[in-house]
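Structure at a glance
Residue strings, one per chain:
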Amino acid sequence: MNLSEAGESRVRGYLFMLESSLRTFLRRDVAADAVREVESHIRERVRETEPMPNERDALNQLLEALGPPHRLARAYSAEMAVDEAVSSGRLGATARALVALALNTARGFAVGLALLIGYLAAAALLIVAAMKPVFPDNVGLRWMNGEFRGAGWELSIPPGMVVTHGWWVMAISAVLGAITLWLTHRAARRYLRLVSERRQLRPGPQSL
Amino acid sequence: MLTGFPMTVPADSWTEQLRRGGLELAILLAVAPGTRYGLEIIRHLQEATDLVVGEGTIYPILGRLTRDGLLQAEWQASAAHPRKYYRLTDAGTRRLRVMVQDWRMFASKIDRLVQAAAQEGGK
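Every value quoted in this text rests on a predicted model; they were computed, and no experiment measured them.

**Brief notes about the overall build of chain A**
- For chain A, the count of helices and strands is 7 helices and 3 strands.
- If you list the helices and strands of chain A from N to C, you get α-α-α-α-α-α-β-β-β-α.
- Sorting the 208 residues of chain A into buried and exposed places 42% on the buried side.
- In chain A, once contacts between residues fewer than 6 apart in sequence are set aside, the share between residues at least 24 apart is 64%.
- In the form shown here, chain A has an accessible surface area of approximately 11,400 Å², with 62% of it arising from carbon and sulfur atoms.

Here is the structure:
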């Protein structure tokens, strides 16, 4: 079967959606290779399909057999993002893998949420430490009329509020932030390694 | 969607799990005789089994088996369009041997149980 202009545009649309979804989780070159393979599959299926009066139905049938592009992308991402994160250990790759798992499994969602809280806590502590040199008078322990009101960074200090021990708060925040980041990232990598090992025993993407 | 409490697995779900569990072995067996590209593997599996429900299921698994070093992939130009061919690596051959052995042992044990249950039920 030779595709009409409309059919060709439908195939390009499918591949475009697949590539867009894959790029959310995967490196550009990895996504491009996956799309190229799926395109090869579609082209061959189209070529071997007998010409039909309704090209649209034939094409729909063919693409339905392959699965919707977002589901196919999810299956790819769950498989590949974890491997990339385990092998590289990079923060970006780890985040992509955690997002992919969170979207695919209930356990992935729960673990991803816990790790997200860890990463956010680390980021908050490191931001407090980083703000001290920029806003020297706004980081520290906050007191109002001798009463303790909180610790950390406050963008605007109201009249009457006293901020003390700024450099101590900066140092403690930096150390705690670094430790929290290290522990959270270590836990994330351990979880992803576990997922990778388990998957070798239980093959098959969960989403398809 | 949330699971984790022990419960009876519905028949459809059990069949689905069995199908998924066998798919990796089936893919390795499909490329054991020689190189094959994705669609060829799908056709081969569709002819012999009902393991392939969604055709797209195969490609992510092929990608993982390649990254695990069990398959080697290579793009080759053909008359119409390029195809990505897969073949077993040495590690893949060794893994396949172990998987086939495990599968046979597992199947024979379950068979024995099925026969024993049938005989006891017939008494």
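From this point on, the discussion continues.
**Things to note about the overall build of chain B**
- A count of helices and strands for chain B gives 4 helices and 3 strands.
- Counting from the amino terminus, chain B carries its helices and strands in the arrangement α-β-α-α-β-β-α.
- Counting every position in chain B, which comprises 123 residues, the buried fraction comes to 34%.
- Accessible area of chain B: about 7,700 Å², with a carbon and sulfur share of 57%.

**Considerations on the confidence of the model for chain B**
Residue and element names in this part refer to chain B.
- Per-residue confidence for chain B gives a mean pLDDT of 85, with 88% of residues at or over 70.
- For chain B, the element scoring lowest by mean pLDDT is helix α1 (residues 11–31), at 83; strand β3 (residues 83–88) scores highest, at 96.
- Scored below 50 in pLDDT, residues 1–6 makes 4 contacts in the model with residues more than four places away or belonging to other chains.
- With pTM at 0.65, the complex prediction returns an ipTM value of 0.80.

**Let's talk about the nonpolar core**
- Of all hydrophobic cores here, the largest spans 64 residues; its most connected members are L22, V38, I42 and Y76 of chain A together with L45 of chain B.
- The residues touching L45 of chain B, leaving out its near neighbours within four places in the chain, are L23, A26, I27, A30, V52 and I58 of chain B.

**A word on the packing of helix α5 (residues 91–104) of chain A against helix α6 (residues 106–134) of chain A**
Residue and element names in this part refer to chain A.
- Across the interface, α5 lies against α6 with an axial gap of 8 Å and an inter-helix angle of 145°. Handedness of the crossing formed by α5 with α6: left-handed. Along the contact surface, α5 presents L91, T94, L98, L101 and A102, while α6 presents G108, F109, L115 and Y119.
- For the contact of α5 with α6, the class distribution of residues is 7 nonpolar, 2 polar and no charged.

**A word on the sheet that holds strand β2 (residues 147–153) of chain A**
All names here are of chain A.
- Overall, antiparallel pairing links the 3 strands, which are arranged β2-β1-β3 in an open sheet. Strands with a single pairing partner mark the edges of an open sheet, and in this sheet they are β2 and β3 (161–164). In this sheet, neighbouring strand axes are inclined to one another by 30° on average, regardless of whether the strands run parallel or antiparallel.
- In this structure, strand β1 (residues 139–144) lies alongside β3, joined through 4 bridges in antiparallel fashion. What sits directly across from R142, in β3, is V163.

**Describing the pairing of β1 of chain A**
All names here are of chain A.
- In terms of strand pairing, β1 meets β2 through 6 bridges, oriented antiparallel. Across the sheet, the residue bridging to G140 is G152, located in β2.
- Linking β1 to β2, which pair antiparallel, is a turn of 2 residues; within it N145 sits at a positive phi near 50°.

So, how was this worked out
- Residues numbered from 1 in each chain as written.
- Chains lettered and ligands numbered in written order.
- Predicted model: local features only at pLDDT ≥ 70, side-chain atom pairs only at ≥ 80, totals over all residues.
- Heavy atoms only, no water.
- Helix = DSSP H or I, 4+ residues; strand = E, 2+ residues; numbered from the N terminus.
- Buried < 20%, exposed > 50% of the residue type's maximum accessible area, 1.4 Å probe, protein only.
- Contact = heavy atoms within 4.5 Å.
- Areas by Shrake-Rupley, 256 points an atom, 1.4 Å probe, with all protein chains shown as cover.
- pLDDT = per-residue confidence, 0-100.
- Core = buried A, V, L, I, M, F, W, Y, C linked by side-chain atoms within 4.5 Å.
- Axes fitted to C-alpha atoms, helices over the stretch in contact; angles between N-to-C directions.
- Left-handed = near helix turned anticlockwise from the far one by under 90°.
- Nonpolar A, V, L, I, M, F, W, Y, C, P; charged D, E, K, R; others polar.
- Pairing = 2+ DSSP bridges.

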